[in-house]
Amino acid sequence: MATVRIPSPLRRYTNSQSKVESNGGSIGELLENLEAQYPGIKSKLCDDSGNIKRYVNIFINDEEIRTLQGNDTPVADRDEVSIIPAMAGGR
């Protein structure tokens, strides 16, 4: 199982947990499994067609998945997946 780091705004879906364990052969499958474990979380990460929202960044072992294979990026046991919402504001 992969370790998934959950940002503060999404912890209400994971019972306040900052890290959860989930599995899946790809990021897309992992997100589906997260949704099964923690209903409602996927709608905050993905649009209606299942693509990751543009203001959500997902890293696997410190590499941004958009520079890899996107939702098809493979996930192995012991990988670390970080969900990071984009920051906005400032001048």
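Refer to the structure presented above.
Presented here is an overview of the structure given in this document.

About the criteria used
- In this numbering scheme, every chain counts its residues from 1 along its sequence in written order.
- Whole-chain, interface and lining totals are the exception, using all residues; otherwise, since this is a predicted model, local features are given only for residues with pLDDT of at least 70 and side-chain atom pairs are given and counted only at 80 or more.
- In computing side-chain values, all of the structure's heavy atoms are included and hydrogens and water are not.
- Each residue is placed in one exposure class: buried if its accessible area under a 1.4 Å probe, protein chains only, is under 20% of its type's maximum, exposed if it is over 50%, and partly exposed if it falls in between.
- By the criteria applied, helices consist of DSSP H or I runs no shorter than four residues and strands consist of E runs no shorter than two, each listed in order from the N terminus.
- Arc, as used here, means the arc of the directions from the helix axis to the C-beta atoms.
- The contact criterion used throughout is that any non-hydrogen atoms of two residues lie within 4.5 Å.
- The term polar contact refers here to a pair of N or O atoms within 3.5 Å; inside protein, the definition further demands a hydrogen-donor-capable atom paired with an acceptor-capable atom, and it admits residues adjacent in sequence only when both atoms are side-chain atoms.
- Among buried residues, the Ala, Val, Leu, Ile, Met, Phe, Trp, Tyr and Cys ones that are joined through side-chain atoms within 4.5 Å form a nonpolar core.
- Each reported salt bridge corresponds to a side-chain nitrogen of Lys or Arg within 4 Å of a carboxyl oxygen of Asp or Glu.

1. Concerning helix H1 (residues 27–37)
Inference 1: Along H1, the residues that are buried comprise Ile27, Leu30, Leu31 and Leu34. Considered in projection along H1, the buried side chains sweep an arc of 100° and stay on one side of the axis.
Inference 2: Buried residues belonging to H1 abut strand E1 (2–5), strand E2 (19–22), helix H2 (41–45), strand E3 (56–60) and strand E5 (80–85).

2. A word on the side chain of serine 22
Inference 1: With respect to the helices, strands and loops of the structure, serine 22 is situated in strand E2.
Inference 2: Among the polar contacts listed, one links the side chain of serine 22 to the side chain of glutamine 37, at a separation of 2.9 Å.
Inference 3: Every residue in contact with serine 22, bar those within four places of it in the chain, is listed here: Met1, Ala2, Val4, Leu30, Asn33, Leu34 and Gln37.

3. A few points about the nonpolar core
Inference 1: With 22 residues, the main nonpolar core has Leu31, Leu34, Ile58 and Ile83 as its most contacted residues.
Inference 2: Those elements that provide at least two residues to this core are E1, H1, H2, E3 and E5.
Inference 3: Broken down by element, this core gets its largest block of residues, four residues, from H1.

4. Structural notes on the pattern of salt bridges
Inference 1: Enumeration over the complete set of coordinates arrives at three salt bridges.
Inference 2: Between arginine 5 and glutamate 80 there is a salt bridge, and its shortest N-O distance comes to 2.7 Å. Residue arginine 5 is found in strand E1, and its partner glutamate 80 is found in strand E5; the two are separated by 75 residues along the sequence.
Inference 3: Judged by its relative accessible area of 33%, arginine 5 falls in the partly exposed class.
Inference 4: Residue glutamate 80 is classed as partly exposed on the basis of its relative accessible area, which comes to 31%.

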